[in-house]
Amino acid sequence: MVQEELVAWLCGRQYHISTAESCTAGLVAAGIVNVPGASDVFEEGYITYSDRVKKKLLGVSGETLERYTAVSSQTAREMAAGAAKAAETEVAVSVTGYAGPDDGADGTAAGTVYVGVYFQGWTETKKFLFSGGRQQVREQAAAGAVRYVLEVCRRKEQELG
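Let me begin by describing the structure that accompanies this report. (Residues numbered from 1 in each chain as written. Predicted model: local features only at pLDDT ≥ 70, side-chain atom pairs only at ≥ 80, totals over all residues. Heavy atoms only, no water.)

**Focus: the packing of aromatic side chains**
Under the definition given, this model contains five aromatic pairs. A ring pair is formed by Trp-9 and Tyr-15, whose centres lie 5.6 Å apart and whose planes are at 50°; its orientation type is tilted. Residues Trp-9 and Phe-119 carry aromatic rings whose centres are separated by 6.2 Å and whose planes lie at 50° to one another, so their mutual orientation is tilted. Taken as a pair, Trp-9 in helix α1 (residues 2–13) and Phe-119 in strand β4 (residues 112–119) lie far apart in primary sequence, 110 residues in all. Residues Trp-9 and Phe-119 agree in their burial class; the two are buried. Through successive ring pairs, a cluster of aromatic residues spans Trp-9, Tyr-15 and Phe-119. (Phe/Tyr/Trp six-rings, centres within 6.5 Å; stacked < 30°, edge-to-face > 60°. Helix = DSSP H or I, 4+ residues; strand = E, 2+ residues; numbered from the N terminus. Buried < 20%, exposed > 50% of the residue type's maximum accessible area, 1.4 Å probe, protein only.)

This is the structure we're talking about:
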């Protein structure tokens, strides 16, 4: 299970993680804390469903939300960095997207999800397109976010030496 791998990886380095979730509404955090030992690495999770709360709790800029919308790589990046800053963690993961059944007002397809990963001052994002109903998209997004944060952290650790 990828959540177990992530918790073990974080524990082995004494890193801490925080989450910032919109469309997944806590599924990423729930998957992580379901793993024994997660209390050693999990700090805080933010469910920031509205733009107002993304700005208030995570420091996402109004300009970013206005120019790129809440469902964008730019917003995912700011959400991840904001969660890391607010929780004072070395690692953070963010998820924002359209779970469906409707497409976004701007025509972005339902199932479009952006995941942001913050790792020790560096942030990366990735766009995903999931299919299925609303709950299926949310579950796929949560699982994809955990896989992606582990992938990014491992890669950046190697790059940074």
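This is not the end of the story, as more comes after the structure.
**What to know about the nonpolar core**
By size, the foremost hydrophobic cluster in this structure holds 35 residues, and its most contacted members are Ile-17, Val-113 and Val-115. Counting residues per element, the ones that place at least two in this core are α1, α2 (27–33), β3 (91–97), β4 and α6 (134–160). Here this core takes 10 residues from α6, the largest share from any one element. Here Val-115 is in contact with Ala-76, Val-93, Ser-94, Val-95, Glu-124, Thr-125, Lys-126, Phe-128, Ala-145 and Tyr-148, once residues within four sequence places are set aside. Formed by 13 residues, the second largest nonpolar core is a distinct cluster that contains Leu-65, Ala-70, Met-79 and Tyr-118. (Core = buried A, V, L, I, M, F, W, Y, C linked by side-chain atoms within 4.5 Å. Contact = heavy atoms within 4.5 Å.)

**Thoughts on α1**
Counted at 1.5 Å a residue, the expected span for α1 with its 12 residues is 16 Å, and the 17 Å between its end C-alpha atoms agrees. Of the residues making up α1, those classed as buried are Val-2, Gln-3, Leu-6, Val-7, Trp-9 and Leu-10. Considered in projection along α1, the buried side chains sweep an arc of 160° and stay on one side of the axis. Gln-14 lies just past α1 and shows a positive phi near 55°. (Expected span 1.5 Å × (residues − 1). Arc of directions from axis to C-beta.)

**Quick word on the side chain of Thr-64**
Summarising the element assignment, Thr-64 is placed in helix α4 (residues 62–68). Ignoring sequence-local partners within four residues, the contact set of Thr-64 consists of Thr-69, Gln-74, Thr-75 and Glu-78.

**Section: the sheet that holds strand β1 (residues 17–21)**
Sheet architecture is open: five strands sit in the order β2-β1-β3-β4-β5, paired in mixed fashion. The sheet is open, and its two edges are formed by β2 (42–47) and β5 (122–129), each paired on a single side. Strand-to-strand twist in this sheet, taken as the mean axis angle between neighbours without regard to direction, amounts to 15°. Inspection of the sheet shows β1 paired to β3 by five bridges, in the parallel sense. Its bridge partner lying in β3, Glu-21 is registered against Val-95. (Pairing = 2+ DSSP bridges. Axes fitted to C-alpha atoms, helices over the stretch in contact; angles between N-to-C directions.)

**Concerning the pattern of salt bridges**
Within the structure shown, the criterion is met by five salt bridges. The shortest N-O distance in the salt bridge between Arg-155 and Glu-124 comes to 2.8 Å. Here Glu-124 lies in strand β5 and Arg-155 lies in helix α6, a separation of 31 residues in the sequence. Its salt-bridge partner being Glu-151, residue Arg-155 comes within 3.7 Å of it at the nearest N-O pair. Separated by four residues within a single helix, Arg-155 and Glu-151 lie in helix α6, roughly one turn from each other. When salt bridges with common partners are traced through the structure, they connect Glu-124, Glu-151 and Arg-155 into a single cluster. (Salt bridge = Lys/Arg side-chain N within 4 Å of Asp/Glu carboxyl O.)

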